[in-house]
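Residue strings, one per chain:
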Amino acid sequence: SQTIHQWPATLVQPVGSPLSLECTVEGTSNPNLYWYRQAAGRGLQLLFYSVGIGQISSEVPQNLSASRPQDRQFILSSKKLLLSDSGFYLCAWRGGGDTQYFGPGTRLTVL
Amino acid sequence: AQSVTQLDSQVPVFEEAPVELRCNYSSSVSVYLFWYVQYPNQGLQLLLKYLSGSTLVKGINGFEAEFNKSQTSFHLRKPSVHISDTAEYFCAVSDPGNFNKFYFGSGTKLNVKP
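The rules we used
- Residues numbered from 1 in each chain as written.
- Chains lettered and ligands numbered in written order.
- Predicted model: local features only at pLDDT ≥ 70, side-chain atom pairs only at ≥ 80, totals over all residues.
- Heavy atoms only, no water.
- Phe/Tyr/Trp six-rings, centres within 6.5 Å; stacked < 30°, edge-to-face > 60°.
- Helix = DSSP H or I, 4+ residues; strand = E, 2+ residues; numbered from the N terminus.
- Buried < 20%, exposed > 50% of the residue type's maximum accessible area, 1.4 Å probe, protein only.
- Pairing = 2+ DSSP bridges.
- Axes fitted to C-alpha atoms, helices over the stretch in contact; angles between N-to-C directions.

Caption draft 1: Summary view of the packing of aromatic side chains. The tally for this structure, following the rule as stated, stands at 13 aromatic pairs over all chains. On the numbers, 5.4 Å between centres and 45 degrees between planes, the contact of Phe63(B) with Tyr89(B) is tilted. One end of the pair, Phe63(B), is in the loop between strand 7 (56-58) and strand 8 (64-68); the other, Tyr89(B), is in strand 10 (residues 87-95), and 26 residues separate them in sequence. Taken individually, Phe63(B) and Tyr89(B) each receive the classification buried, so the pair is uniform in this respect. An aromatic cluster is present here, built from Tyr36(A), Phe102(A), Phe34(B), Tyr36(B), Phe102(B) and Phe104(B) joined pairwise through their rings.

Caption draft 2: Spotlight on the pairing of strand 11 (residues 106-110) of chain A. Residues and elements named next belong to chain A. Burial of strand 11 is one-sided: the residues Thr106, Leu108 and Val110 facing one way are buried, the residues Arg107 and Thr109 facing the other way are not. Bridge count for strand 9 (residues 87-94) against strand 11 is three bridges, and the pairing is antiparallel. Across the sheet, residue Gly87 finds its bridge partner in strand 11, namely Leu108.

Caption draft 3: Region of interest: the sheet that holds strand 1 (residues 3-7) of chain A. Residue and element names in this part refer to chain A. The antiparallel open sheet is built from four strands, whose spatial order is 1-3-8-7. Sheet topology places strand 1 and strand 7 (64-70) at the edges, where each strand pairs with a single neighbour. Across this sheet, the average inter-strand angle for adjacent strands is 20 degrees, counted without regard to direction. Relative to strand 3 (residues 19-26), strand 1 is paired through five bridges, and the arrangement is antiparallel. Bridging across to strand 3, Ile4 finds its partner in Val25.

Caption draft 4: How the structure looks around unusual backbone geometry. With omega at 0 degrees, the peptide bond leading from Trp7(A) into Pro8(A) counts as cis. With respect to the helices and strands, Pro8(A) occurs in the loop between strand 1 and strand 2 (10-13). For Glu16(B), which is not glycine, the phi torsion reads 75 degrees and is therefore positive. Following the sequence through the fold, Glu16(B) ends up in the loop between strand 2 (10-14) and strand 3 (19-21). A positive phi angle, close to 45 degrees, is found at Thr72(B), a residue other than glycine. Along the chain, Thr72(B) falls in the loop between strand 8 and strand 9 (73-78). A relative accessible area of 17% places Thr72(B) in the buried class.

Put into structure tokens, the structure is as follows:
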């Protein structure tokens, strides 16, 4: 069966510091992968998606970037964090019936 | 682009009472519809989905939803809720012609009281 992992689970970073969040999927090959952000009291905002290694589509222009160095690895990065980057970051992969399955998430607090 | 509306941001209900969480979407073209549940500080878990076929869809934990094309709605129901159903529920829509884009509602917090 397929499993999706995210780490770290929680992160507290100062403004202006870099960021790297990692997502990996097991049990499937060449999955479509997604990064979402969930701000407090809001729904999910799609940030990036990837259909294959090295392929990244950006949905929202901002100071975040994504990379897909391996088939089942998806990384979300920033060179300099802003206060507004705080939130709950969720990674997802696309399964059968166009269903998206989510990881456990990373809680990011920028101080 | 699609938009998804969950009019109720919070729904308080007593244990063993029935509940309906409402979801409406904007487009009249064919769509796929989903309900997810999120417990505090966790990811989203798929409750149920409608892709085609019967308009009444049954999911996990005793939930069901009914697709109504004419009203562009996909309301979630449970005949008798439990304390453990306390969570936030998200409705989502994907366009079969653009499967990389899911549109989520803003969520409904279900608070089940004893």
